[in-house]
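Chain and residue survey
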Amino acid sequence: MIIRKLFKFENAHIVRKCTTKRCSQNVHGHSYKVEVLLESNFLDNGQMVYDFGLVKQYMKEIIDSFDHAITLWSGDSLEYLEDMKKHSLRWIELPVSPSAEQFSRVIFILVDKLLQNSTFNNGEKEVYINSVIVHETDTGYAQAFKKDAYSHLMGVIELEKIIFSKQIQDEWTNKQIYHNLLTIH
């Protein structure tokens, strides 16, 4: 059985080296919608795959970290990275370009790690992520499955190379979860 939880956030980025000049040469923003699809062949004691309250409690906060932030690619010019960090207190630096495709992979890996570190105490069994869908616009989205998220052919995503700004880290209510999830810089 598959369950789905929808999250939303506003974010700005620039996608270097893409074909479209508007996208590759200009900072711009999107109203993102993120769908996290969880799967299991079992139901817990409450007859659920995974309690939506837990999904909201744990996964929403990490996805919400991207809200009203600028997402940067560590491969961009040092001057651009420094300027963006100087002019925005909410930023995330990724080891891959912040395209919808890479967002779906990054969010998959972050949520997968959170799920792996979760303590199940209501009979949940073999709950895993089926996929993550990132809607960049109303008409376009990218969907990542496990094979995509961890594909070296699409670029390596190491958790310790995902850097959240101090303001974002300060907003996390459960710092231990995120300390376990990421190496905090």
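Residues numbered from 1 in each chain as written. Predicted model: local features only at pLDDT ≥ 70, side-chain atom pairs only at ≥ 80, totals over all residues. Heavy atoms only, no water.

Observations regarding the overall build of the chain
The helix and strand tally for the chain stands at seven helices and seven strands. For the chain, the α and β elements follow one another from N to C terminus as β-α-β-α-β-α-β-α-β-β-α-β-α-α. In terms of C-alpha radius of gyration, the chain reaches 16 Å, essentially the compact-globule figure of 16 Å for 185 residues. By its C-alpha atoms, the chain is 55 × 35 × 30 Å across when sized along the principal axes. A burial count over the chain gives 48% of its 185 residues as buried. Of the contacts made within the chain by residues no fewer than 6 positions apart, 68% connect residues no fewer than 24 positions apart. Surface exposure of the chain reaches about 9900 Å², of which carbon and sulfur atoms provide 51%. In the chain, the 21 positive side-chain charges and the 24 negative ones have mean positions that sit 2 Å from each other. (Helix = DSSP H or I, 4+ residues; strand = E, 2+ residues; numbered from the N terminus. Rg over C-alpha atoms; globule rule 2.2 N^0.38 Å. Buried < 20%, exposed > 50% of the residue type's maximum accessible area, 1.4 Å probe, protein only. Contact = heavy atoms within 4.5 Å. Areas by Shrake-Rupley, 256 points an atom, 1.4 Å probe, with all protein chains shown as cover. Lys, Arg positive; Asp, Glu negative; His and termini not counted. Charge placed at Lys NZ, Arg CZ, Asp CG, Glu CD.)

Observations regarding the side chain of serine 97
Here serine 97 lies in the loop between β4 (91-94) and α4 (100-116). Look past the residues within four positions of serine 97 in its chain and what remains in contact with it is Val15, Arg16, Trp73 and Gln102.

Let's talk about the environment of histidine 13
Checked against the element boundaries, histidine 13 lands in strand β1 (residues 2-13). Look at histidine 13 and you get buried, because its relative accessible area is 0%. Excluding residues within four positions of it along the chain, histidine 13 makes contact with Asn26, Val27, His28, His30, Tyr32, Thr71, Pro98, Phe103 and Glu136.

Describing the pairing of strand β5 (residues 128-135)
Burial analysis of β5 places seven of its eight residues in the buried class, which makes it a mostly covered element. Here strand β2 (residues 28-39) runs beside β5; their pairing, made up of seven bridges, is antiparallel. Bridge pairing links glutamate 35 to isoleucine 133 in β5. Pairing of β5 with strand β6 (residues 141-144) involves four bridges; the strand directions are antiparallel. (Pairing = 2+ DSSP bridges.)

Regarding α4
With 17 residues, α4 should cover 24 Å at 1.5 Å per step; its first-to-last C-alpha distance of 24 Å lies within 8% of that length. Here α4 lies mainly inside the structure; 14 of its 17 residues are buried. (Expected span 1.5 Å × (residues − 1).)

As for the packing of aromatic side chains
Overall, the coordinates contain nine aromatic pairs when judged by the stated rule. For the pair tyrosine 32 and phenylalanine 103, a centre-to-centre distance of 5.0 Å together with 65 degrees between the ring planes defines the contact as edge-to-face. Placement of the pair is tyrosine 32 in strand β2 and phenylalanine 103 in helix α4, with a sequence separation of 71 residues. Note on phenylalanine 103: relative accessible area 0%, which makes it buried. Each ring, one from tyrosine 50 and one from phenylalanine 120, has its centre 5.8 Å from the other, and the planes form 90 degrees; the classification is edge-to-face. Of this pair, tyrosine 50 sits in the loop between β2 and α2 (52-64) while phenylalanine 120 sits in the loop between α4 and β5; the two residues are 70 residues apart in sequence, bridging distant segments of the chain. The class for phenylalanine 120 is partly exposed, based on a relative accessible area of 31%. Through pairs of rings, three or more aromatic residues link up here, namely Phe9, Tyr32, Phe66, Phe103, Phe164 and Trp172. Lying over the aromatic face of tyrosine 80, arginine 16 brings its terminal NZ or CZ to 4.9 Å of the ring centre. It is lysine 85 that lies over the ring of tryptophan 91; its NZ or CZ is 4.3 Å from the centre. (Phe/Tyr/Trp six-rings, centres within 6.5 Å; stacked < 30°, edge-to-face > 60°. Lys NZ or Arg CZ within 6 Å of the ring centre and 35° of its normal.)

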